Amino acid sequence: MPSEIERRNLKRVPTADELISKAAYSELASIGVVVNKIVETVRNPHSSATQLKEMIEIDPPLSAKVLRRANSAFYGIKRNITSIREAIVFLGFNTVREIALNLKVLKFFEDNKAYYSYSRKNMWVHSLAVALFCKFLYRREFRDPGDYIYSAGLLHDIGIIAEEQFTGEYFQVMLKKLNEEQAQYPTIVLAEKAVFGFTHADIGRRLTSVWNIPDDLTKAIGSHHEPFTCDPAHYRHAASIFIADYTCRKRGFGLPEPVAPDEEASLKKCLESLKLIPESIDVIFEDVKSEIESLETRGELYS
Ligand SMILES: [Fe+2]
Ligand SMILES: [Fe+2]
């Protein structure tokens, strides 16, 4: 029986260019389409109600999800909301945008494949936790609704999904290093550099650029493990994702990746530069935890 590498015709590790050319035009590209539509509704608030409504109405699973949420017992008294327009008014733009984005992105995390303790399911909960963390951080600390940062948080590790899909068995080789040679490869970035010669942050940045997603998101995705390399205009986004990613991984919502000692120092630097205190991080993380628990209780975490 041919191995996965033979089947996928991978006799060597693909270069970053090869990976991008496969992933960017694969099914994953539908993420780019939906993110761009969502960004457009944030940019043009005047037309956003109609745009959002139209985008949902032509998508039956999305319509069903929005209506189900609007009629959910979670919101108190029983309602009978039957139109998308009513659902948008009731739930609010931001909630409906998040439902749309989550549903489109979740599709790529639905697989039971697991290598070591990596699984797409873990990755989904991690991505959602990071997106929620970023949104709560922006709202609480920067008085900003956090529309863009939620999308960036949800997509920050999309490069890992692309690696898993398009590097064949080399993805498992990389995870093996991360799991069995932790002294030498304490972070996923180091294991990726050793096996692939690129990182999921590079791949995420390049993929989202090919999809014409705005720089605000692509640059933050590209620098989420090295926020200090990001240009000043996008530093706050990158540093916020770093803080969210670090906190969620360290507190149980993440890749089974150890937290490396130098990340602790970077966290401190990020918090200082954004004038954040550790207590705020604790409060925000508790909000993330209760939101995820609530989604799970309502049966909406994976659907
Ligand atoms: Fe990452
Ligand atoms: Fe992450």
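Cut-offs used in this document
Residues numbered from 1 in each chain as written. Chains lettered and ligands numbered in written order. Predicted model: local features only at pLDDT ≥ 70, side-chain atom pairs only at ≥ 80, totals over all residues. Heavy atoms only, no water. Donors = N, O, S within 2.8 Å, 3.2 Å for Na, K, Ca; no water. Tetrahedral: all angles 85-135°; square planar, octahedral: opposite > 155°, others 65-115°. Helix = DSSP H or I, 4+ residues; strand = E, 2+ residues; numbered from the N terminus. Buried < 20%, exposed > 50% of the residue type's maximum accessible area, 1.4 Å probe, protein only. Core = buried A, V, L, I, M, F, W, Y, C linked by side-chain atoms within 4.5 Å. Contact = heavy atoms within 4.5 Å. Phe/Tyr/Trp six-rings, centres within 6.5 Å; stacked < 30°, edge-to-face > 60°. Lys NZ or Arg CZ within 6 Å of the ring centre and 35° of its normal. Expected span 1.5 Å × (residues − 1).

**Digging into the coordination of the iron ion (ligand 1)**
And then number 1: Only D157 (OD), H200 (NE2), H224 (NE2) and H225 (NE2) from the protein reach the iron ion (ligand 1) as donors, at distances of 2.1 to 2.2 Å.
And then number 2: With four donor atoms in place around the iron ion (ligand 1) and angles of 85 to 174 degrees between them, the coordination shape is irregular.
And then number 3: Ordering the donors of the iron ion (ligand 1) by residue number gives the pattern D-x42-H-x23-H-H.
And then number 4: Between the two metal centres, the iron ion (ligand 1) and the iron ion (ligand 2), the spacing is 3.5 Å, with D157 acting as a shared donor. With a gap of 67 residues between them, D157 in the loop between α9 (147-155) and α10 (158-166) and H224 in the loop between α14 (215-222) and α15 (235-250) connect regions that are remote in the sequence.
And then number 5: H224 gets classed as buried once you look at its relative accessible area, which sits at 0%.

**Examining the coordination of the iron ion (ligand 2)**
For a metal bound by four donors in tetrahedral geometry, the ideal donor-metal-donor angle is 109.5 degrees, whereas six donors in octahedral geometry ideally sit at 90 or 180 degrees.
And then number 1: Only H126 (NE2), H156 (NE2), D157 (OD) and D245 (OD) from the protein reach the iron ion (ligand 2) as donors, at distances of 2.1 to 2.2 Å.
And then number 2: Taken together, the four donor atoms surrounding the iron ion (ligand 2) define angles of 85 to 174 degrees at the centre, an arrangement classified as irregular.
And then number 3: For the iron ion (ligand 2), all donor residues lie on one chain, and their spacing in sequence is H-x29-H-D-x87-D.
And then number 4: D157 gets classed as buried once you look at its relative accessible area, which sits at 2%.

**Here we look at the nonpolar core**
And then number 1: With 97 residues, the main nonpolar core has L28, I31, V35, V66, Y118, F133 and I243 as its most contacted residues.
And then number 2: Ranked by residue count, the leading element in this core is helix α8 (residues 120-141), at 13 residues.
And then number 3: Look past the residues within four positions of V66 in its chain and what remains in contact with it is I56, I84, A87, L91, V96 and I99.

**Notes on the packing of aromatic side chains**
And then number 1: Taken as a whole, this structure holds nine aromatic pairs when the rule is applied.
And then number 2: With a centroid separation of 5.7 Å and 55 degrees between ring planes, the pair formed by F109 and W124 is classed as tilted. Of the two residues, F109 is situated in the loop between α7 (93-106) and β1 (114-115) and W124 in helix α8; the sequence distance between them amounts to 15 residues. Summarising the burial analysis for this pair, F109 and W124 share the class buried.
And then number 3: Residues F253 and F285 carry aromatic rings whose centres are separated by 5.8 Å and whose planes lie at 45 degrees to one another, so their mutual orientation is tilted. Placement of F253 in the loop between α15 and α16 (261-273) and of F285 in helix α17 (residues 278-297) is noted, with a sequence separation of 32 residues between them.
And then number 4: Taking the relative accessible area as the measure of exposure, F285 reaches 3% and is therefore buried.
And then number 5: Put simply, the rings of Y115, Y118 and F171 touch in pairs and so form one group of aromatic residues.
And then number 6: Its guanidinium or amino end placed over the ring of F142, R236 lies 4.2 Å from that ring's centre, counting from NZ or CZ.
And then number 7: When the ring centre of F285 is taken as reference, the NZ or CZ atom of R251 above it lies at 5.3 Å.

**Describing helix α3 (residues 29-43)**
And then number 1: Along its 15 residues, α3 runs 21 Å from first to last C-alpha, staying within 8% of the 21 Å computed at 1.5 Å per residue.
And then number 2: Listed as buried for α3 are I31, G32, V34, V35, I38, V39 and T41.

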